[in-house]
Amino acid sequence: MRLPSLAFQTSSLLILIVGLAAPGRAQDLVFRETGNVFPEFVTGALGAGDADGDGDADLFGIRRVLLNEGGRFIAGPTYPALPNAAHIDDATVGDFDGDGRADLAVVLTGGAGSGGFNLAIYLAPPPGGASFVAVPTASAFLAVPLGVPYAKLVAFDADQDGATDLLAHAAPVGQPASLSLLLNVGAPLFFPAPYHLWPPAASVGNWFGVGDFDGDGFTDVAHVKNDGALWWRRSLGYGPFDVDLPATGLSGSVIVAGDFDGDGFDDLAAPSGTLRGGPSGPTQLTTASLTPTVAPIVAADVDADGYMDALVPDALNLPLSLHLHRGSPGGLLPATSLGSWPSANIVPIDANGDGDLDLPRFGESVPTLAVHGVGGAFSIVPQNIPEVFRRSQRGPPYDVDQDGDVDFLVVGPGPQSWQRGLYVARNDGNGRFVRDAAPLVVYAAPDDDGEATWLDLDGDGDSDLLFRALTPGILTHVFRNDGGGAFAFVTHLPWTHADWTVAAADFDGDADVDVMIGRAPGVVAPFQPLLYRSVPTPGGWTYLPGEAVGVPLMATDLDAFDLENDGDVDVLVSTLGFPRMLVNDGTGAFAEGQIFGVATLSCAVADLDDDGVLEIITGGTTWKRAPGAVYATH
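One numbering rule holds for all chains: residues counted from 1, following each sequence as written. Residues qualify for local features only when their pLDDT is at least 70, as the model is predicted, and side-chain atom pairs are given and counted only at 80 or more; totals for whole chains, interfaces and linings, by contrast, use all residues. For side-chain calculations, the full set of non-hydrogen atoms in the structure is used, while hydrogens and water are omitted.

### Section: the confidence of the model for the protein
Confidence in the prediction for the protein averages 76 pLDDT; 76% of positions are at 70 or higher. When mean pLDDT is taken per element in the protein, strand 10 (residues 133–135) scores highest with 93 and strand 1 (residues 14–19) scores lowest with 26. pLDDT measures how confident the predictor is about each residue, on a scale from 0 to 100. What makes two residues a contact is simply this: any of their non-hydrogen atoms within 4.5 Å. For the stretch residues 1–27, pLDDT sits under 50, and the model shows 93 contacts to residues farther than four places along the chain or on other chains. Secondary structure is summarised from DSSP: a helix means a run of H or I of at least four residues, a strand means a run of E of at least two, and numbering begins at the N terminus for each.

Next comes the structure, spelled out in structure tokens:
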């Protein structure tokens, strides 16, 4: 399975070790100032998303993206220059061109030649790119009214086609405000949803939210009318929406949507109370109200306990403070104050990859990051690795030298200024890491990094190494582990694409471990997985040229196991669509097998009920609102 990368980007590497509370839900939330200073003065952020496609969340600042490198933020690509006198009024983050990197949709105000208002799409550059790319407005928006004031944008997949759409609030001068659905047909190209898909929504205030309020797997829309009444419209699935329905009992100008009680239905919360979702939509009024505010309320599972929480900036009083309403089986709990807060701009983000959400503090002379630790217990172990290290390995840390503690692979400087090297950083048993003096491999890539994957490539029970630099033209290196943490170069794999998933097994039944690599989104065709057959050589092995197997598809995950219990290894391929089996005839020739009707990017295979029969677990998706599922293998 494809696993997340680990990131290193510091001038003095620090490891935050979180002390976990007792099993069950932690009772206290503690945020600690990390001293993480952003690379430029930041008064706020437009959102969070994976701008560079490395698997972690980056911050979309006012002028540029701040890239997340292991919980530290560095200056990333800038946005295109704005038209003269224009500024960004609102923005939303989403993958609008389907390349796996987060883009930005913005409302511009004051730009010359736009009638004073405009919409714009900024596409994320490839990794290492210096600037986002502006899509010409006329090319991105077809028959969409421009030159009118747009107050707010929200990105979500309204028609479950895998392309991110936009919900836009427009307020033309002298006319009632309206809520428009702009459908994305790719590239990106947006056009207004026709009336039979999106009935007119007029007299709409600029507060609205999206969520699955009736639990049918499709994203619905709730909005506040100008008179303060709350309405919602049900998604009928794959495009069409119902007419507005009253959400009786709730009123006000500020709402937020989220599953606060963990029952699988999204709820609606406002300062006047909460409407719990259910099969009939948001109809069950509770008394769980929010701290009064006129600022945006943010719904997020801050403490990673499975219940959405509500972050409420108290913008009615000065000095500004921040309140947290935690979710629970009974809904939102009374507010807990997180203390004074310099800005009402709240963008939760998992900065350090520990599964819970941290809070950037904007509007200070030196913006900082408050890191949440379960139970509040932190300790800091100083490291003596002064160089800059970047993304280095897929998967969890591995005990390279089998001494009982975990080690890391890191990418650091090579012997020459224009080179990089892959090193082992060994754990001394006290959480301090000492980097090997000699690199495993040196390659020419002064501004790039690489990735390594642990696989048992020789069948001796320990993990060997595949290392791939992300620089075009550099081959994948194969290293054999001697079992004690020493690695010897064996051969190359002629595969250099910018994204991958890999599985290792004896696919052709000759007692050697072969490698199958799946080509993922963003690479050139053909998209079939490639099978590299292993051939023994004196002291090692090499690989025959890759053979395309299966039908053309973009593989995002590969799981190798014996589906038929016939002694050979079959492959489960996850894709951007539905996962499917490749059935092995025992010689490494594969035929198309069953296609599973649950859209997912990743699957797992395990014997869940200890009956000797493997089950397939599918992960579901967020873009198609599809739940996961479990399939028995016979």
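### Some remarks on the sheet that holds strand 19 (residues 256–258)
We call two strands paired when DSSP finds no fewer than two bridges between them. Judged by pairing direction, the sheet is antiparallel, and its four strands sit side by side in the order 19-20-21-22 without closing on themselves. Edge positions in the sheet fall to strand 19 and strand 22 (284–286), since each has one partner strand and no second. For this sheet, the mean angle separating the axes of adjacent strands, direction not counted, is 25 degrees. In this structure, strand 19 lies alongside strand 20 (residues 267–270), joined through three bridges in antiparallel fashion. Within strand 20, the position partnered with Ala 257 by the bridge is Leu 268. Geometry is summarised by axes, namely lines fitted to C-alpha atoms with helices restricted to the contacting stretch, and by angles between N-to-C directions that run from 0 to 180 degrees.

### Details of the nonpolar core
Here, the term nonpolar core denotes a set of buried Ala, Val, Leu, Ile, Met, Phe, Trp, Tyr and Cys residues that are joined through side-chain atoms within 4.5 Å. Under the scheme applied here, a residue whose accessible area is under 20% of the maximum for its type counts as buried, over 50% as exposed, and between as partly exposed, the area being computed with a 1.4 Å probe on protein chains only. The biggest cluster of nonpolar side chains holds 23 residues, and the ones touching the most others in it are Leu 230, Ile 255, Leu 268, Leu 290, Ile 297, Ala 310 and Leu 332. When residues of this core are traced back to their parent elements, those giving at least two are strand 16 (220–225), strand 17 (229–233), strand 18 (245–251), strand 19, strand 20 and strand 24 (309–314). Of the residues forming this core, the biggest block, three residues, is contributed by strand 20. Beyond its immediate chain neighbours, meaning those up to four positions away, Ile 255 contacts Trp 207, Phe 208, Gly 209, Ala 222, His 223, Val 224, Leu 230, Leu 268, Ala 269 and Ala 270. Among the nonpolar cores identified, the runner-up in size contains 19 residues, and Ala 140, Phe 141, Val 144 and Ala 168 belong to it.

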